[in-house]
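# Chains, contacts and geometry: an overview
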Amino acid sequence: MTSLSVSRRTILAGAAIAGALTQVRTAAAGATAGAQAVLTPAAAPDVASLPRVKVKLVDPPFVHDHEPVATGGPKVVEFEMTIIEKKIALDDSGAEYWASTFNGTVPGPLMVVHEGDYVELTLINDAANELMHNIDFHSATGALGGGALTQVNPGERCVLRFKATKPGVFVYHCAPPGMVAWHVVSGMNGAIMVLPRDGLKDRAGKPVTYDKVYYIGEQDFYVPRDEAGNWKTYGSPGESYEDVVAVMKTLTPTHVVFNGAVGALTGDNAMTAKVGETVAFVHSQANRDTRPHLIGGHGNHVWATGKFNNPPEEGLETWFIPGGTAGLMVYTFEQPGIYAYVNHNLIEAFELGAAAHVVVEGEWNDDLMMQVVAPGALS
């Protein structure tokens, strides 16, 4: 196993976070005698009586089946994710990266529950991995978002349960002591959507529905180069650590991509829709600010900071999602064709990779747009 060489600042930061983790674990443990009691406490009577639903997660940009409007009361929704460290190709230039992933994808899967449900996650750190990992849910309350109670070494598992009390879309990410930034920019982040039990509402309180939902995870990568300008490669995540951190400190990513690679959501992998279909787009960026824009379309209803207790903005051309946040946009397609969904920092979209396509089928509406005179020679 590779030994990580870390700076004094990283060690001090890790010590500070570790101290906080110790205090959180102690408070969470209360009078219980061991860590097992903290991770899997005896269920409270009200939770024990709730129905349980097991959900199989799917790879982004797709989202597991769910009810836009909840039927019945709160449930315990069970998820399972396996942490996988693997080398991924970022583009066709030879740039590759040791990614730390939830369930093998960048971003990790989107989870969907309803306000008042309990999220129960079994987190597994594959025995073949090199590093300790955990998970911080921005949607959870206490214990550093769950990070304090989910530190798993390779070959270990834990179970975390939290109540989804805040409706919205939220980021989750790995947050190990002293190495939070490195793990996040290694692709170890995803999103969870906590829907209101009675569904989404527009500014007037009327229902907002959707026919399908896609999840776009925007990711910045920092790939080192050698003295000749060629991409460097490494045999393990730990071997890459010092060089990657040096590039990270420049605050200048080498790649800004959707769903793990340049072109991951274009061509054969493009998202699809039909004229008249309403599509919800969940967009997360765990580290940097972003400015999503649908070229040729609009954000009919946009929760740019992703919190459903706030009324959505309407008719937006571009919306701003702060780093460490997930947002939601809902749009009904009115024309067929290929739409480009981009980060409207166009340098990042067209030079670094933050672009996707939506291929829409249907009949063209001349009333919305038509070519009155085709390009031709001046007369």
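Where an unreviewed UniProt entry is consulted, the chain appears under the name Copper-containing nitrite reductase, with the organism given as Paracoccus lichenicola. Listed under Subunit (unreviewed entry) in UniProt, the entry text for the chain is "Homotrimer." Its UniProt record gives the chain a comment under Catalytic activity (unreviewed entry), which states: "nitric oxide + Fe(III)-[cytochrome c] + H2O = Fe(II)-[cytochrome c] + nitrite + 2 H(+)".

### With respect to the overall build of the chain
For the chain, the count of helices and strands is six helices and 21 strands. By residue count, 51% of the 379 residues in the chain fall in the buried class. Of all intrachain contacts in the chain linking residues separated by at least 6 positions in sequence, the fraction that spans at least 24 positions is 76%. By element, 54% of the accessible surface of the chain is carried by carbon and sulfur atoms, the whole surface being about 17,300 Å².

### Brief notes about the pattern of salt bridges
Considering all chains together, one arrives at nine salt bridges under this definition. In this structure, Asp117 engages Arg197 in a salt bridge whose closest nitrogen and oxygen atoms are separated by 3.1 Å. Of this pair, Asp117 sits in the loop between β4 (110-114) and β5 (118-125) while Arg197 sits in the loop between β9 (189-195) and β10 (200-201); the two residues are 80 residues apart in sequence, bridging distant segments of the chain. Judged by its relative accessible area of 3%, Asp117 falls in the buried class.

### Describing the UniProt feature "binding site: Cu cation 1" (unreviewed entry) in the chain
Under the present numbering, the feature "binding site: Cu cation 1" (unreviewed entry) in UniProt falls on His133, Cys174, His183 and Met188. The named residues occupy 56 residues along the chain; their greatest pairwise C-alpha distance, 9.4 Å, places them in one compact cluster. Mapped onto the secondary structure, His183 falls in helix α4 (residues 180-184). Apart from residues no more than four positions distant in its own chain, His183 is found in contact with Leu131, Met132, His133, Cys174, Pro176 and Met188. Along the chain, the position of Met188 falls in the loop between α4 and β9. Not counting chain neighbours up to four residues away, the residues in contact with Met188 comprise Ile83, Ser100, Thr101, Phe102, His133, His173, Cys174 and His183.

### Comments concerning the UniProt feature "binding site: Cu cation 2" (unreviewed entry) in the chain
Feature annotation in UniProt assigns "binding site: Cu cation 2" (unreviewed entry) to the following positions: His138, His173 and His344. Mapped onto the secondary structure, His138 falls in the loop between β6 (136-137) and β7 (156-163). Exposure remark for His138: the relative accessible area of 32% places this residue in the partly exposed category. Setting aside residues no more than four positions away along its own chain, His138 makes contact with Phe170, Val171, His173 and Gly324. Given a relative accessible area of 34%, His344 falls into the partly exposed group. If sequence neighbours within four positions are ignored, His344 has contacts with Arg291, His293 and Thr318.

### Here's the deal with the packing of aromatic side chains
Here the structure, examined in full by the defined rule, presents 13 aromatic pairs. For the pair Trp182 and Tyr241, a centre-to-centre distance of 4.6 Å together with 80° between the ring planes defines the contact as edge-to-face. Of the two residues, Trp182 sits in helix α4 while Tyr241 sits in helix α5 (residues 237-248), which places them 59 residues apart along the sequence. Consider the rings of Phe281 and Tyr341, whose centres lie 5.4 Å apart with planes at 25°: the pair is stacked.

### Here's the deal with the sheet that holds strand β12 (residues 212-221)
Ordered in space as β13-β12-β15-β19-β17-β18, the six strands form an open sheet in which the pairing is mixed. The open sheet has two free edges, formed respectively by β13 (255-258) and β18 (313-316), since each of these has just one partner strand. Neighbour-to-neighbour, the strand axes of this sheet turn through a mean angle of 25°, independent of strand direction. Strand direction decides the pairing type here: strand β17 (residues 299-303) and strand β19 (residues 325-332), joined by three bridges, are antiparallel. The residue bridging Trp303 from the neighbouring strand is Leu328, located in β19.

### Description of the sheet that holds β9
With respect to topology, four strands assemble into an open sheet ordered β4-β9-β8-β6, the strand pairing being mixed. Bordering the open sheet on either side are β4 and β6, each of which pairs with just one other strand. Of the strand pairs in this sheet, β6 and strand β8 (residues 168-173) are connected by two bridges, and their pairing is antiparallel. Of the residues in β8, the one forming a bridge with Asp136 is His173.

### Structural notes on a nonpolar patch on the surface
Residues Ile295, Leu346 and Phe350 make up a contiguous nonpolar surface patch of about 270 Å² in total accessible area. Given the relative accessible area of 37%, Leu346 is considered partly exposed.

### Concerning the nonpolar core
In terms of nonpolar packing, the biggest core is built from 29 residues, with Phe79, Met81, Phe102, Met111, Leu123, Phe137 and Ile192 touching the most fellow members. Breaking this core down by element, the ones donating at least two residues are β2 (76-89), β4, β5, β7, β8 and β9. When residues in this core are grouped by element, the largest group, four residues, is from β2. With near-sequence residues (within four places) excluded, Met81 lies in contact with Leu57, Phe102, Asn103, Pro109, Met111, Leu121, Thr122, Leu123, Ile124, Ile135 and Tyr172. If you look at the next biggest cluster of nonpolar residues, it comprises 24 residues, including Val256, Phe333, Tyr341 and Ala356.

Each value, and the rule that gives it
- Residues numbered from 1 in each chain as written.
- Predicted model: local features only at pLDDT ≥ 70, side-chain atom pairs only at ≥ 80, totals over all residues.
- Heavy atoms only, no water.
- UniProt positions renumbered as here; feature names shortened; annotations may be inferred.
- Helix = DSSP H or I, 4+ residues; strand = E, 2+ residues; numbered from the N terminus.
- Buried < 20%, exposed > 50% of the residue type's maximum accessible area, 1.4 Å probe, protein only.
- Contact = heavy atoms within 4.5 Å.
- Areas by Shrake-Rupley, 256 points an atom, 1.4 Å probe, with all protein chains shown as cover.
- Salt bridge = Lys/Arg side-chain N within 4 Å of Asp/Glu carboxyl O.
- Phe/Tyr/Trp six-rings, centres within 6.5 Å; stacked < 30°, edge-to-face > 60°.
- Pairing = 2+ DSSP bridges.
- Axes fitted to C-alpha atoms, helices over the stretch in contact; angles between N-to-C directions.
- Patch = residues over 30% accessible without salt bridge, like charges linked within 9 Å, V, L, I, M, F, W, Y side chains within 5 Å.
- Core = buried A, V, L, I, M, F, W, Y, C linked by side-chain atoms within 4.5 Å.

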